[in-house]
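# Descriptive analysis of the structure
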Amino acid sequence: MFDIDAVRADFPILSREVNGKPLVYLDNGASAQKPQVVIDAITQAYSQEYSNVHRGLHYLSNLATDKYESVRGTIAKFLHIADEDQIILNSGTTEGINMVAYSWAMPRMQAGDEIVLSIMEHHANIVPWHFLRERQGVVIKWVDCDANGDLDPQAVIDAIGPKTKLVAVTHVSNVLGTVVDVKAITEGAHAKGVPVLVDGSQAAVHMPVDVDDIGCDFYAITGHKLYGPSGSGAIFVRKERLAEMRPFMGGGDMIREVTRDEVTWNDPPMKFEAGTPGIVQTIGLGVALDYMMGLGMENIAAHERTLRDYARDRLNGLNWVNVQGQSATKAAIFSLTLTGGAHAHDISTVLDKKGVAVRAGTHCAMPLMEHMGVGATCRASFGVYNTKAEVDVLIDALELCHELFG
Ligand code: PMP
C-alpha cells in the first residue's frame, strides 16, 4: 500500500515553510528532495565508515569499497540489468553521455556520419553531439514531436540512413513529460544495425524501467533526481559497446599497469571509472534506489498518474493557461504559459511567494522550445511526495498570477 502521509514524513524538508507558507515543492524535474534514510546514510558514511575505495587493505577501506561496489548491484536490480559489470558509476547523466560521445562515438564517426536525435532532448543529450559536429563534421538529424508532444517511433527509425551511427533519445521529456517508446525505437534501429542511447534521467524516477527489455545500448541515469545525492549517477553500456569503447578519463583505478612507456587498462567497468569517485554520493544513491524499490515503482507510477490526471484536469479547466504537451501517457510534468503573455519568471516569482517552487525558463531544451514556439515556460514537475492538495495550491497561486498579469 502506498501511504502518502508516511512518504511525506520520510522527507524532512517538506515540513519547512518558504516565504511564510508551507513548501509545495514542484521542481522535482530539476532535482528531487532527499528522504531521511539517504541523509542518515550520508552521515553514517562520513562519520563511521569513510575511506577511499579500491585501494587500501585496511578495515575502513574494505568497508567503504564493499558499500560503494554494492550499489552497482542495486542499480542493476533497479533498472533490470542482468549483468552489473555493464554499469559504469559516474556523477550523473551529463558525464555519462559525454563519456559515450568521447569514448565510443568520437573514434568511430567521420565527417558526414549522422546521429539521430529527437527535438525533445535535454542539452546534455545535444551539446556532446554538437562537439562531434564542430570537431569532426558529424551531421545531427532531428526528429520532431507533434503538437501534443508525442514522438512517432517510426519517424525516428525512418530518419536512420546508411550513414547513421547512433540514435540518441530521451525516455521522458523533461519539459513535456512525454514518454517515448524507446523499445520500439531500439528494435527498429537495431534492425538497421544502429545502436541506441537512451537518456533515462526523467524516466527512471517516475516509472519502472527494464533496460534489458528495452534492449538499448546505453541507458543513463542521474542520482539527484532519484531522491539521491547530487554528483551520483550511472550509465548502462551493453557489453559489445563496452568492448568498442576507448577509455574516457585517465588516472588511478582505470589502469592495470603504468610504466614509463606504456599503460594497460583495467577491465570494464573500472576501465571507465578514473580517479576517486563520489564515494558517499554513490552510497547515498544506493540507499535512495532501495527506498524507491521499497515503496514499489508500480506504486510510485500509479500515485503519479493520479496526480497527473488531477493536475491535467485542473489546468486544462483554466482557459487562460496553455499546457505545452498533452500526450495521453505523459509523466506528471507540466510546462505552462499564460495566454495573457506573463513572463515565466514573473509567474514563478509570484508562485514562490505562495511557497510553490517551480522552474522557469527554457529547461535546457532550447531546440524544443523553438519547435513549440515558446520563449520560456513555468514547469511544475511532480514527485513521489506530492499531493492533490498541492495541485490546488498551485492552481490558486496561478489564479493570483492571472489576476495580476492577465
Ligand atoms: N537529461 C534530462 C532529460 C534531464 O532532465 C537532465 C537534468 N535536468 C539531464 C539530462 C542532465 O542531468 P545532470 O545534470 O544530472 O547530469
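For every chain, the first residue of the written sequence is number 1, and numbering continues from 1 onward in sequence order. In keeping with the predicted nature of the model, local features appear solely for residues at pLDDT of at least 70, side-chain atom pairs appear and are counted solely at 80 or more, and the whole-chain, interface and lining totals rest on all residues.

Taking an unreviewed UniProt entry as the reference, the protein is identified by name as Cysteine desulfurase belonging to Flavimaricola marinus.

### A closer look at the overall build of the protein
Counting from the N terminus, the helices are the DSSP runs of H or I reaching at least four residues and the strands are the DSSP runs of E reaching at least two. In terms of helices and strands, the protein carries 14 helices and 17 strands. This radius of gyration counts C-alpha atoms alone. The globule rule is 2.2 Å times how many residues there are, raised to the power 0.38. Computed over C-alpha atoms, the radius of gyration of the protein comes to 22 Å, within 12% of the 22 Å expected from 2.2 N^0.38 for 406 residues, which places it in the range of a compact globule. Along the first, second and third principal axes, the C-alpha set of the protein runs to 70 × 55 × 35 Å. Field definition: a residue is buried when 20 or more other C-beta atoms are found within 10 Å of its C-beta, exposed when 12 or fewer are, and partly exposed for counts in between, with C-beta atoms placed from the backbone. A burial count over the protein gives 47% of its 406 residues as buried.

### What to know about the site of the ligand
Any residue whose backbone-placed C-beta atom lies within 6 Å of a molecule or strand is treated as near that molecule or strand. Neighbouring residues of the ligand: 14 residues in total, closest Gly-92, Thr-94, His-122, Asn-174 and Thr-222. A breakdown of the residues in the shell around the ligand according to their chemical character gives 2 nonpolar, 11 polar and 1 charged. Think of it as three bins: nonpolar holds Ala, Val, Leu, Ile, Met, Phe, Trp, Tyr, Cys and Pro, charged holds Asp, Glu, Lys and Arg, and polar takes everything else, Gly as well.

### Thoughts on the domain arrangement of the protein
Here the domain parsing of the protein yields domain 1 (4-28 + 297-405) and domain 2 (40-294). For domain 1 versus domain 2, the distance between C-alpha centres works out to 28 Å. Contact criterion: two residues are in contact if their C-beta atoms, reconstructed from the backbone, are within 7 Å. Of the residues lining the interface, 22 residues belong to domain 1; the matching set on domain 2 comes to 23 residues. Elements supplying a minimum of two residues to the side of domain 1 that touches domain 2: helix 11 (297-316), strand 14 (333-338) and helix 13 (366-372). In terms of residues, the side of domain 1 that touches domain 2 owes the most to one element, helix 11, which gives 5 residues. In terms of residue class, the side of domain 1 that touches domain 2 is made up of 10 nonpolar, 8 polar and 4 charged. Residue ranges labeled as domains rest on an automatic or database domain assignment.

### Describing the nonpolar core
Leu-79, Val-167, Phe-218 and Leu-226 are the most contacted members of the largest nonpolar core, which has 119 residues in total. It is helix 10 (residues 279-295) that contributes the most residues to this core, 9 residues altogether. Filtering out sequence-adjacent residues up to four positions away, Val-167 remains in contact with Val-116, Val-156, Ile-160, Ile-185, Ala-189, Val-194 and Val-196. In plain words, the nonpolar core is the set of buried Ala, Val, Leu, Ile, Met, Phe, Trp, Tyr and Cys residues that C-beta atoms within 7 Å link up.

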